[in-house]
Amino acid sequence: MLKIDGVTRRFGDVTALDEVSLEIGQGEFFALLGPSGCGKTTLLRIIAGFETPDAGTVTLDGEDLLAKPPNRRPISLMFQSYALFPHMTVAKNVAYGLERERLPRQEIKQRVGEVLETVGLSAHGDRKPHQLSGGQRQRVALARSIVKRPRLLLLDEPLSALDKKVRADMQLELKRLQNEVGITFVVVTHDQEEAMSLADRIAVFDSGSVRQVDEPIELYERPRSPFVADFVGANNIFRGTASGLDGLKSAEFGMLPGTPLEELEADAEALLAVRPEKVELVDESAARGFKGTVLDVSFYGGVSHISVEVEGRDRPVLAAVQGAGKMKQGAKVKVRWNAEDAVIMAAAGQ
Amino acid sequence: MLKIDGVTRRFGDVTALDEVSLEIGQGEFFALLGPSGCGKTTLLRIIAGFETPDAGTVTLDGEDLLAKPPNRRPISLMFQSYALFPHMTVAKNVAYGLERERLPRQEIKQRVGEVLETVGLSAHGDRKPHQLSGGQRQRVALARSIVKRPRLLLLDEPLSALDKKVRADMQLELKRLQNEVGITFVVVTHDQEEAMSLADRIAVFDSGSVRQVDEPIELYERPRSPFVADFVGANNIFRGTASGLDGLKSAEFGMLPGTPLEELEADAEALLAVRPEKVELVDESAARGFKGTVLDVSFYGGVSHISVEVEGRDRPVLAAVQGAGKMKQGAKVKVRWNAEDAVIMAAAGQ
Amino acid sequence: MKSEAKARPASRGRRLGAFVFLSPGLTYLIVLLLVPLGLMVSYTVFQRGRFGGVVYEFTTENFSRLVDPLYLGVLGTSLRIAAVTTLIALLVGYPTAYLIAQLPNRWKTAALVAIVLPFWTNFLIRVYAWIMLLSGPGVVNSLLGTKLELLYKEGTIVAGLLYSYLPLMVLPLYATIEKLDPQLREASANLGASAFTTFRKVTLPLTLPGVMTGCLFVFVPSFGNFVIPEMLGGNKTVMVGNLIRNQFLSARDWPFGSTLALALVAVLVVLLLVQSWAARRA
Amino acid sequence: AAACGGESSNSSGGTSAAAADLKPNADLSKQKLQITVWDGYTPKELPEKAKEKLKVSEVEVTLHATNEEAMTKLTAGGDSGIDVAFVSGQYAQALNAQGLLEPIHPELIPNLANLYPEATQLSYDKGNKYSVPYTWGTTGICYRSDLVKAKPTSWNDILKPPSWADKKVTMMTTERWLALPALKALGYSVNTEKDEEIEKVKQLLLDAKPHLLAYDDTTFGDRLKSGEAVMVEAWDGWCPTTDEKQNIKFEVPKEGSDLWVDTMVIMKSSKNKEAAHAFINYILDPEIHRWAAENINYKVPNKAAMDKVTISPGSLLGIKPAELLNGESLIDLGQASTKYTRLAEEIKAQS
Amino acid sequence: MPFWATYVFLYLPIVVLVLMSFNSGKSVYTYEGFSLKWYGELAGDERIREGLVNTLIVAAGSTVIATVLGTLLAVGLARHTRSKLLDALALMPAVLPDLVLAIGLLVFYGMIQMTLGLHSVILAHGLFSMAFVAAVVRTRLTNADTSLEEASRDLGAGPVSTFMRITLPQLLPGIVAGALLAFTLSLDEFVIAFFTVGNSDQTLPIVIYSMIRFGVTPKINALAAILLLVSFTAVIAGQRLTKIGETRAQD
Ligand SMILES: Nc1ncnc2c1ncn2[C@@H]1O[C@H](COP(=O)(O)OP(=O)(O)OP(=O)(O)O)[C@@H](O)[C@H]1O
Ligand SMILES: Nc1ncnc2c1ncn2[C@@H]1O[C@H](COP(=O)(O)OP(=O)(O)OP(=O)(O)O)[C@@H](O)[C@H]1O
Ligand SMILES: NCCCCNCCCN
Ligand SMILES: [Mg+2]
Ligand SMILES: [Mg+2]
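Residues numbered from 1 in each chain as written. Chains lettered and ligands numbered in written order. Predicted model: local features only at pLDDT ≥ 70, side-chain atom pairs only at ≥ 80, totals over all residues. Heavy atoms only, no water.

Notes on the overall build of chain E
- Secondary structure summary: chain E contains 11 helices and 0 strands in total.
- The helix and strand sequence of chain E, counted from the amino end, reads α-α-α-α-α-α-α-α-α-α-α.
- In terms of principal-axis extent, the alpha carbons of chain E reach across some 75 × 50 × 35 Å.
- The buried share of chain E, reckoned over its 251 residues, is 58%.
- Across chain E, the fraction of contacts at a sequence separation of at least 24, relative to all contacts at a separation of at least 6, is 72%.
- Within the structure as shown, chain E displays about 9,800 Å² of accessible surface, and the carbon and sulfur contribution to it stands at 70%.
- Side chains of chain E give 16 positive and 16 negative charges; the mean places of these two sets differ by 2 Å. (Helix = DSSP H or I, 4+ residues; strand = E, 2+ residues; numbered from the N terminus. Buried < 20%, exposed > 50% of the residue type's maximum accessible area, 1.4 Å probe, protein only. Contact = heavy atoms within 4.5 Å. Areas by Shrake-Rupley, 256 points an atom, 1.4 Å probe, with all protein chains shown as cover. Lys, Arg positive; Asp, Glu negative; His and termini not counted. Charge placed at Lys NZ, Arg CZ, Asp CG, Glu CD.)

Right, here's the structure in full:
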């Protein structure tokens, strides 16, 4: 439904967006993921009409969006900082958009009531925003955005201001809501976990360009470039040269098991990425794997992160295990993983 | 070494601290964990001397701390915002405390040099704080605090201002440093993961009172009250009545397996808490467990969270599995866990 | 407030600090502000000496004179002139401040300094400039070849006050408008509001504190002014300021002058109270 | 205290305390003089010349714009720091009534003998007990002979200006002179204290207000020159009759006018009273005093000086003392003066 | 275009004023040709020169008082008391009409029989300037981080050394801005000076007042042009100074 085609936007000599093209389908929950300053907000602002691209087109169901002023676009934007009107009550905030459509009072009242019910804030309609907690504010912002029944809802870092616990609840809620109201969601975030847990598809951005568009699991397990591999979850990355089907030739560790994403020339420089949870730590005496020393065991509740110092590498290898790690600091171990759990890609991409 | 005894502090009708007693040992890495507004900062400020308790005593190695003004206490406080002096260079910031002791110039220079070496900022001594990144600033603050060789170092949310990636690095660094300098650390945080990954022991606070003091794994696996169970990681909590050794009688689900933490009277109201990663989802046809429907599968990278809607419960049951969850939304499953993985506690605690 | 029952060293230090920092300024304020104002207030119940000065005999006559229609009329005129000035200043100042706040950062400062700059030349010279422009043989008339009578009207006084105090309106307005989160305006547009509706429903209500401050800053000096009515009003209009000045400088009636000054302050205090009441209700 | 008003009746200063003991031969070189005077009312080089002549250690002159300004400063503080002040007669009277003036020691001012005899019998201070006259004159109508259709002869010409003069006349703003045209037009005394007379005056002035250009004490001469005004109420000395174009004339209306006197007084607080007397004596020196007449166009009450003055064409200096004395001398009215303040306020506040 | 109109309104009279200062004719109303003679006359006017000197003395004196007392007061109010009353009191001289302050002081000086002079104006200007300095410095203090001061205490510095080494450097830009404000306010102040100055000394605004009252003269135009030039320079220099101060404080 939303089609972004060759959109470019420059600020002075910064190119915030560089020929970005994307297609987002009806009813999709789509995430824009990328590091700070990569142009995510700029893209949202162009879609919402607060920024004009230097080149490119944006259409919604075939209709040119760029020709319309922001207040005429059937799009709602939920601001990162919520942008709730501080002088209006919750109910007034939510009713604001409907009042602009000059709907009858009765209908406004009813729809506001319904949406507040949906976000669980029926009891708080008379409060002012400053009387609410962060999570409640976020829900008001959401209610205000969806009450107009926009065709497209844009959310700019909707959860970044919340603390961990509230955030987890909110993520669930967002997903539930999207299911319920069936609106197309585009959410911007720099948190890879958030993107993965929320979205149907993710576009990974870097310096104004789209690097990969994929479903979360695909993206996580088969990153197509070192940038994506590194950005999407903490990967252990090894350098070496390609060597046929299932391995990377490494100067320090010999042959490391892994699966190439694409066909690589033999002896081309390549990288191998393996996720911490795929890394197995076994007894020193084991046959396969290379040697290391446990540097630190951090219990994160649920999982423990074990960092293993390995000769020939300046960064420790990270392994994640379920539950409290049974390893002790200083223990001698062997590190290994299966070929199908590691990806090998060309180094040139970086 | 640090003994806090019956410390109470009221602000108007808010009781920020309510007869708090704690003992912290020499060389320990101790964390104060609790939700926002529970009094953590107030306690640190009392120890550092910026706040006076209404009742109670604080002694350091038997010596009354409260009688001393802040500048006479052998304690350093690292502020949440770092509070680096913006008009002084890094070296000057670090030297500030030593200069107040009127040490010879030569010695000051040497000790500043050493500590900057320790935190890896030798090359940045001449910079001003605004020329540093967040992580570097944090290290300057740390250097400034430890250069005086305090007997006790207090850290108020030392990492909350940093972003995720830097934060993980910093956590490791903090632990390494504490090992190296051997000072007693007391760190305040509202992030349960941070507390668990950093500290030797954790005190969980709630509304001005200490709820539980324990080692991380102990705390995580054997929370002694519903509050702690809920706060330390997302727990699935079930209500029911105690029923002898290894179970909770629940009206909706019959007997739920679990281990009581303490002896409970039969038929006393009780709660059962089980961690998502201990919850197993098995085929509908399995013998043990109760039925549910998969509501949502969130892939977090590494782990997936599966929420399962269960009749008779308004909140879904959360299960965590390694890797991408293979469950599909809408699948019919049975939910189960082992008795040793769930704790049963008295409901009165809440 | 804290309960500082036990005088711990920290709190004793705090009290010493309070003394060290506060006492010089407070002493100054007490001696040169409170005592003089007290004295002035006490004069309101005494009598004028026959040849000036004060006779310390109690009287309420000053207050009964105050409610004389003549003086009430002058108060009314002053209120009207000050209110009209303030209103125009607001109508001119708001869009100006708003537009300055929209400028790119490096132009903002320049535009703002340019607003304040005339303020840095002498107040009297700026009033004089208007005499030069508007008087019978003045620049305007000689350029237009007309003989319009532009000076010595209430309107001229308003123009002079406006010219003198407009920057005092623009500055606080700018400060609040500048602080206003631009996302609120974007949110409003996003919800379908036109530019005008956004202004009426979001921008204006949120900048009301700046409006209040600006109005106060313009109203107070306009209300108590005596120089501008004298120079631009051809002495044909009397404002409270002129009355007070005359009581002190020509009638030598200090008690009544003090009473008028007290009335001036009282009117301002009432207005302030009304304003803060309105602000709290909003 | 300065702030406590005297309670004496008008004329010849009841409360003036006993004269200080002054030594005619005091060493003036240890005294210095601080003088306050209207802007442009004394020669620029007066300080240096007086210092040289009197052999005092210093002479400093400060300027005030109006009587009121001077009065505020003289009556406000303790020691104003002023030795000799120039103020108009009725203000001298008020100052004396408050006990702020040093009685004049005639023996220290031999040049008093130069004064016209009339100038020693002025009603605000008969016998020059606490003030010495510096200039005197009257108030009349100053007009543009080329712009008026008829020569003004009556105060009513200003109060009810003919249509060609509508909004082209000014009156003075200081209360006593504001009232003067109406008082005289109605045939009352300029010193009247009668409420019913003042009420009538008020009506007349209120009727006149819509036809005025402005109330103006200081720049009426310029307004005539620029043609902005055609007729103004003016003090004789400030009516620019000697302007090169020679088209400005002065007329004392037939109903009569006032006699105003600007005087020199010595402050009781002065620590340099001998030098102050010597200074007044120096001013009364014919050679010095004639400067005033020749340069500021005000007549001086000094016969010896006036005899030396060359009177230029158009100058009003020719008016003789006897003629001047037709004018009614303004005196301070004490409590009743507030009636005039109120009158002026009522007129000006009317819109 | 109300935006530009505002600037036209603000600048037109001033521009005309400056243009007319180069008039060779005697009239202030009609331009007859270029000349600098009014600047010459101005330079020769002793009263204006003295007025200027007196004004500078008053401004300097009152600024010193206001800066020292205002800074202390701001620190005291922000850090050592929570009294709303004292806050209001400190702000009062800035909010009260100047005329009320002027007569209050006149009455007071009369009461204590103080001889009026430049010193009485300095004291008077110090009063309202102090309120402005305190207000400016206070905003800075309220925005400033108290944790810096606490960090200093924590590192072993006593209250005095903390004030000197941490608080004061942080406040410097605010203090400079406050002092500049005080100085310029005093330079321009007329009403209070008019009531509280002695006979013997006059400040420039008072000189200008009596000059204007005795009619318009191109000399005043010349004075206006010069004042404008000085203000321009001062404003720009002031901005530079504050900016330097700010970067210093940050660096
Ligand atoms: N109005 C602007 N003027 C100049 N540069 C801008 C402007 N808006 C954005 N930029 C620049 O464009 C780039 C992209 O900015 P954008 O806000 O889109 O990043 P982002 O991906 O949203 O980052 P973040 O995660 O930090 O919010 C940045 O380098 C930013 O500095
Ligand atoms: N100076 C104060 N005056 C009044 N109330 C205060 C003051 N300081 C703290 N409080 C109150 O005391 C309670 C505890 O505050 P404290 O700052 O210790 O919380 P915290 O646990 O550090 O919270 P957070 O995680 O949000 O920093 C809060 O309710 C707070 O509002
Ligand atoms: N420039 C001299 C001013 C003299 C004013 N004299 C006024 C006379 C009426 N009192
Ligand atoms: Mg962004
Ligand atoms: Mg805290």
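Some remarks on the UniProt feature "domain: ABC transmembrane type-1" (unreviewed entry) in chain C
- In the numbering adopted here, UniProt assigns the feature "domain: ABC transmembrane type-1" (unreviewed entry) to residues 75-277 of chain C.
- A distance of 23 Å separates the end C-alpha atoms of residues 75-277 of chain C, which is 79% helix and 0% strand. (UniProt positions renumbered as here; feature names shortened; annotations may be inferred.)

Some thoughts on helix H10 (residues 204-213) of chain E
- In terms of residue burial, H10 of chain E counts as a mostly covered element, since 10 of its 10 residues are buried.
- Among all positions in H10 of chain E, only Leu204, Pro205, Ile206, Val207, Ile208, Tyr209, Ser210, Met211, Ile212 and Arg213 of chain E are buried.

Details of the pairing of strand E12 (residues 247-250) of chain A
Residue and element names in this part refer to chain A.
- With 2 bridges connecting them, strand E11 (residues 236-242) and E12 associate as antiparallel partners. Note on E12: the bridge partner recorded for Ala242 is Leu248.
- Between E11 and E12, which pair antiparallel in sequence order, lie 4 residues; one of them, Gly244, sits at a positive phi of approximately 70°.
- Pairing of E12 with strand E13 (residues 254-257), which is carried by 4 bridges, proceeds in the antiparallel orientation. Within the sheet, the bridge partner assigned to Gly247 lies in E13 and is Pro257. (Pairing = 2+ DSSP bridges.)

Some remarks on the interface of chain A and chain C
- Opposite the 21 residues of chain A that make contact, chain C presents 18 residues.
- Three residues stand out in chain A for area buried against chain C, namely Asn71, Tyr96 and Arg100 of chain A, and they jointly supply 30% of the buried area on that side.
- The interface formed by chain A and chain C holds 1 salt bridge in total.
- Two residues, Glu186 of chain C and Arg45 of chain A, come together in a salt bridge whose shortest N-O distance is 2.6 Å.
- At the junction of chain A and chain C, the tally comes to 8 residue pairs in polar contact (both at pLDDT 80 or more).
- Secondary structure elements with two or more residues in the side of chain A that touches chain C: helix H1 (40-48), strand E6 (75-78) and helix H2 (90-100) of chain A.
- Its residues placed into classes, the side of chain A that touches chain C shows 12 nonpolar, 5 polar and 4 charged. (Buried area = accessible area lost by both parts, 1.4 Å probe. Salt bridge = Lys/Arg side-chain N within 4 Å of Asp/Glu carboxyl O. Polar contact = N/O pair within 3.5 Å; in protein donor to acceptor, adjacent residues only side chain to side chain. Nonpolar A, V, L, I, M, F, W, Y, C, P; charged D, E, K, R; others polar.)

Observations regarding the site of ligand 2
All names here are of chain B.
- Residues in close proximity to ligand 2 include Phe11, Val14, Ala16, Ser36, Gly37, Cys38, Gly39, Lys40, Thr41, Thr42 and Glu157, which together make up its full environment.
- Within the side chain of Ser36, a nitrogen or oxygen atom sits 2.5 Å from an oxygen atom of ligand 2.
- For ligand 2, an oxygen atom lies 2.9 Å from a polar atom in the backbone of Gly39.
- Against a free-state accessible area of 640 Å², the protein chains account for coverage of 61% of ligand 2.
- Those elements that provide at least two residues to the shell around ligand 2 are strand E2 (14-24) and helix H1 (40-48). (Near = heavy atom within 4 Å.)

With respect to the environment of Phe195 of chain E
- Mapped onto the secondary structure, Phe195 of chain E falls in helix H9 (residues 191-196).
- Considering only alpha carbons, one finds Phe195 of chain E and Val121 of chain E, 74 residues apart in sequence, at a separation of 8.7 Å.
- The contacts of Phe195 of chain E, once residues within four sequence positions are left out, are Phe226, Arg245, Phe248 and Leu249 of chain C, Lys73 of chain D together with Leu99, Ala102, Ile103, Leu106 and Leu116 of chain E.

Quick word on the sheet that holds strand E3 (residues 29-33) of chain B
Residue and element names in this part refer to chain B.
- Strand order across the open sheet formed by 6 strands is E6-E7-E8-E3-E9-E10, with mixed pairing between neighbours. Each having just a single partner strand, strand E6 (75-78) and strand E10 (209-214) make up the two edges of the open sheet. Strand-to-strand twist in this sheet, taken as the mean axis angle between neighbours without regard to direction, amounts to 20°.
- By the bridge criterion, 4 bridges tie E6 to strand E7 (residues 152-156) in an arrangement that is parallel. Opposite Ser76, over in E7, you have Leu153 as the bridge partner.
- Sitting on the sheet, helix H4 (residues 134-146) is in contact with E6 and E7, with an inclination near 170° to E6. (Axes fitted to C-alpha atoms, helices over the stretch in contact; angles between N-to-C directions.)

Focus on unusual backbone geometry
- You will see that Glu19 of chain B, though not glycine, has its phi angle at about 50°, which is positive.
- One can find Glu19 of chain B in strand E2.

Things to note about the packing of aromatic side chains
- Overall, the coordinates contain 53 aromatic pairs over all chains when judged by the stated rule.
- Each ring, one from Phe253 of chain B and one from Phe290 of chain B, has its centre 4.5 Å from the other, and the planes form 35°; the classification is tilted. Of the two residues, Phe253 of chain B is situated in the loop between strand E12 (247-250) and strand E13 (254-257) and Phe290 of chain B in strand E17 (residues 290-299); the sequence distance between them amounts to 37 residues.
- Between Tyr116 of chain D and Trp136 of chain D, the aromatic rings sit 5.9 Å apart at their centres with planes inclined by 20°, giving stacked as the arrangement. With Tyr116 of chain D in the loop between helix H3 (89-97) and strand E4 (132-137) and Trp136 of chain D in strand E4, this residue pair connects regions lying 20 residues apart in the sequence. Each member of the pair Tyr116 of chain D and Trp136 of chain D is classed as buried.
- Every member of this aromatic cluster is reached through a ring pair, and the members are Trp38, Tyr41, Phe86, Tyr134, Trp177, Phe220, Trp235, Trp238, Trp260 and Tyr298 of chain D.
- Here the guanidinium or amino end of Arg100 of chain A rests over the ring plane of Tyr96 of chain A, the centre of that ring lying 4.6 Å away. (Phe/Tyr/Trp six-rings, centres within 6.5 Å; stacked < 30°, edge-to-face > 60°. Lys NZ or Arg CZ within 6 Å of the ring centre and 35° of its normal.)

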